[in-house]
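Given next are the chains, with one letter for each unit.
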Amino acid sequence: MTQDQEIICERRGAAGFVLLNRPKALNALSHGMVRELARALDAWENDPAVTRIVVTASGEKAFCAGGDVRALHDFGKAGRQDEMLAFWREEYILNARIKAYPKPYISLIDGIVMGGGVGISLHGSHRVAGERYLFAMPEVGIGFFPDVGATFALPRLPDAAGVYLALTGDRVGQGDALAFGLATHAAASARMGELAEALTGTAPVDEILAAFAQPVAPGKLFAERQAMAAAFGAPTLAGILARLEAGAAAGDAFATKALAIIRAKSPTSVAIVFEQMRRGASLDFAGAMALEFRIVSRIAHGQDFYEGVRAVVIDKDQAPVWQPASIEALDPAAVEAHFAPLGATELVLGRPA
C-alpha cells in the first residue's frame, strides 16, 4: 500500500475497507479506480471473513466530486470516444453491482458527493452523511446529464425533488439528504473516523450506525417541498416551465430562482434530463442503466458536453455557448434520438466471464 494509490481496497477486520485516495482531485473517479473497486467487490463477495463493505475518502473537502470529466473531454476532442464509452460502460456496470450487492455496503460521506461519487454511494444499503455532506448532480451545467443510476434513484424521491435536483443541479446538505432519503443516517463529522473503525468489528451494522446516528433538522429544500412538488410534478417540461414562469410573475422567490437556473443550463441537457426522469420512474435498475448508456453514447458525439466542460472546467469563463441556445429552439427529434436503441453496443448488465 502506498500513499499515491488512487484507491486503497483492503480487509480490515470484518470489513472490506475502501479508501478513495485522490484528495487533491477531490477524489474524482478514474477508470483505474472503477476497475479496482469492481475487483475488490468481486473478491469480497465470496469471502466469509468479510461481512460488510465500508467506503471512505481522504481529505475533508470531498467524498468524491464525480468522474474525471476533463480526461473524458480530452478523449472526445481527440476522437477517442471508444475510450470514453469504455469508462462509462464499466462505471455503470459497477453502479449496478453496488445496487445488487449481497452484503451491507456503507458509505461514509462527509464532504462533496457529486456525479460518479453518487454512483458509488447512493445505491448501497447504507449512506451516512456527515456535517460537511454536500450532494449535487450538476451535469446540466456542463452539457451532460445525471447518470450513474440517477435515472432510477432521482424520480423516486418524494415531492418531485429528484426532478428538481436533476434540472437545476442544486446542492443538498446533511439535513435535506436525510429528509429526502439520499442519506440513511446522519452523524457528526468529528466521529466519522471512530465510526469507520467501529464498522470493522463484528457487531451488526445497523446497531453500530444507530449508536452513532444524530438527529438533524431538514434544510432549505425541505422547506420548499410544496412549491417544488407543485412545479416540478408537472407531466411535461413545458408544463414545469409554465408553472415556474407563473410563479415568477407572481413574485415567488423559489420559482424565480429555479427558472433562472434552468434557463442558464444546456437546453439540450435540460430536455434530455426531463425525459430521462419521466422514463426512469417506471424502469428497473438494469433498464435505467441501459437507458443512460444510450444517452451517453450520443452525448459523446455531441457538442454541448465539450463546450460545457470548456466553460466550467478548462477556461472557467462560465460562459458556455449552447447549441441550440434555448429550449424553445430544440428539435424534439434530436432529443428523442438520444434514447434510441444502440443495437450491438447496448449495455448489458451481468458479471464478466
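Predicted, not measured: the structure shown is a model, and the values here were computed from it. (Residues numbered from 1 in each chain as written. Predicted model: local features only at pLDDT ≥ 70, side-chain atom pairs only at ≥ 80, totals over all residues. Heavy atoms only, no water.)

Draft legend 1. Highlighting the sheet that holds strand β7 (residues 126–129). Read across the sheet, six strands follow the order β1-β2-β3-β5-β7-β9 without closing on themselves; strand pairing throughout is mixed. The sheet is open, and its two borders are formed by β1 (7–12) and β9 (185–186), each paired with just one other strand. Two strands pair when backbone bridges link them, and strand β2 (residues 15–20) and strand β3 (residues 52–57) are joined in this way by six bridges, in the parallel orientation. Bridging from a neighbouring strand, Phe17 pairs with Val54 of β3. Against the sheet, helix α1 (residues 31–45) contacts β1, β2, β3 and β5 (105–109), and its axis sits at roughly 15° relative to β1. (Pairing = 2+ DSSP bridges. Helix = DSSP H or I, 4+ residues; strand = E, 2+ residues; numbered from the N terminus. Contact = heavy atoms within 4.5 Å. Axes fitted to C-alpha atoms, helices over the stretch in contact; angles between N-to-C directions.)

Draft legend 2. Fine view of empty space enclosed by the protein. What the rule picks out here adds up to one cavity of 30 Å³ or more. Approximately 40 Å³ is the volume attributed to the largest cavity. In the lining of the largest cavity, the residues fall into seven nonpolar, one polar and no charged. (1 Å grid on protein atoms, 1.4 Å probe; cavity = no way out; pocket = protein on both sides within 12 Å on 5 of 7 lines; lining within 4 Å. Points joined across faces, edges and corners; volume = space filled by probe spheres on them. Nonpolar A, V, L, I, M, F, W, Y, C, P; charged D, E, K, R; others polar.)

Draft legend 3. Fine view of the sheet that holds strand β4 (residues 62–64). One open sheet holds the three strands; their spatial order is β4-β6-β8, and the pairing between them is parallel. The open sheet has two edge strands, β4 and β8 (134–136), and neither has a second partner. Along the sheet, successive strands turn relative to each other by an average axial angle of 20°, direction set aside. For strand β6 (residues 112–114) and β8, the ladder comprises three bridges, and the chain directions are parallel. Paired with Ile112 across the strands is Leu134, a residue of β8.

Draft legend 4. Structural detail: the nonpolar core. Core analysis: the largest hydrophobic core is formed by 96 residues, its most contacted members being Trp88, Phe135 and Phe232. Those residues within four positions of Trp88 in sequence are excluded, and the remaining contacts are Leu72, Phe144, Asp147, Phe293, Val296 and Ala300. One finds Ala15, Val54, Ala187 and Leu195 within the second-largest nonpolar core, a separate group that totals 15 residues. (Core = buried A, V, L, I, M, F, W, Y, C linked by side-chain atoms within 4.5 Å. Buried < 20%, exposed > 50% of the residue type's maximum accessible area, 1.4 Å probe, protein only.)

Draft legend 5. Just the pairing of β2, in detail. Within β2, six of the six residues are buried, which leaves the element mostly enclosed by the surrounding structure. Every second residue of β2 is oriented toward a common face, with Ala15, Phe17 and Leu19 on one face and Gly16, Val18 and Leu20 on the other, all of them buried. As judged from the six bridges shared by β1 and β2, these two strands associate in the antiparallel manner. Bridged to Ile8 within β2 is Leu19. The turn linking β1 back onto β2 is made up of two residues, and Gly13 within it adopts a positive phi angle of 60°. Following the chain from β2 across α1 to the adjacent parallel β3, one finds a crossover that is right-handed. (Right-handed = clockwise from strand over helix to strand, strands pointing away.)

Draft legend 6. The arrangement of the packing of aromatic side chains in detail. Within this structure, the stated rule accounts for eleven aromatic pairs. Through a chain of ring-to-ring contacts, three or more aromatic side chains come together here, namely Trp88, Phe144, Phe145, Phe305 and Tyr306. Above the ring of Phe17, the side-chain terminus of Arg12 is found at 3.9 Å from the ring centroid. The side chain of Arg156 reaches across the aromatic face of Phe152, ending 3.9 Å from its centre. (Phe/Tyr/Trp six-rings, centres within 6.5 Å; stacked < 30°, edge-to-face > 60°. Lys NZ or Arg CZ within 6 Å of the ring centre and 35° of its normal.)

Draft legend 7. Expanded view of the pairing of β5. Counted residue by residue, β5 has five buried out of five residues, so it is predominantly covered. Of the two faces of β5, the one lined by Tyr105, Ser107 and Ile109 and the one lined by Ile106 and Leu108 are each fully buried. One ladder, built from three bridges, connects β3 with β5; its direction is parallel. Across the sheet, Val54 pairs through a bridge with Ile106, a residue of β5. Sheet analysis places β5 next to β7, joined by four bridges and oriented parallel. Within β7, the position partnered with Ile109 by the bridge is Ala129.

Draft legend 8. Structural view of the state of the cysteines. Across all of its chains, the model carries zero disulfides by this definition. We note that Cys9 lacks a disulfide partner, and the nearest cysteine sulfur, in Cys64, lies 13 Å from it. (Disulfide = S-S within 2.5 Å.)

Everything listed here is a matter of coordinates, which is why it stays silent on function.
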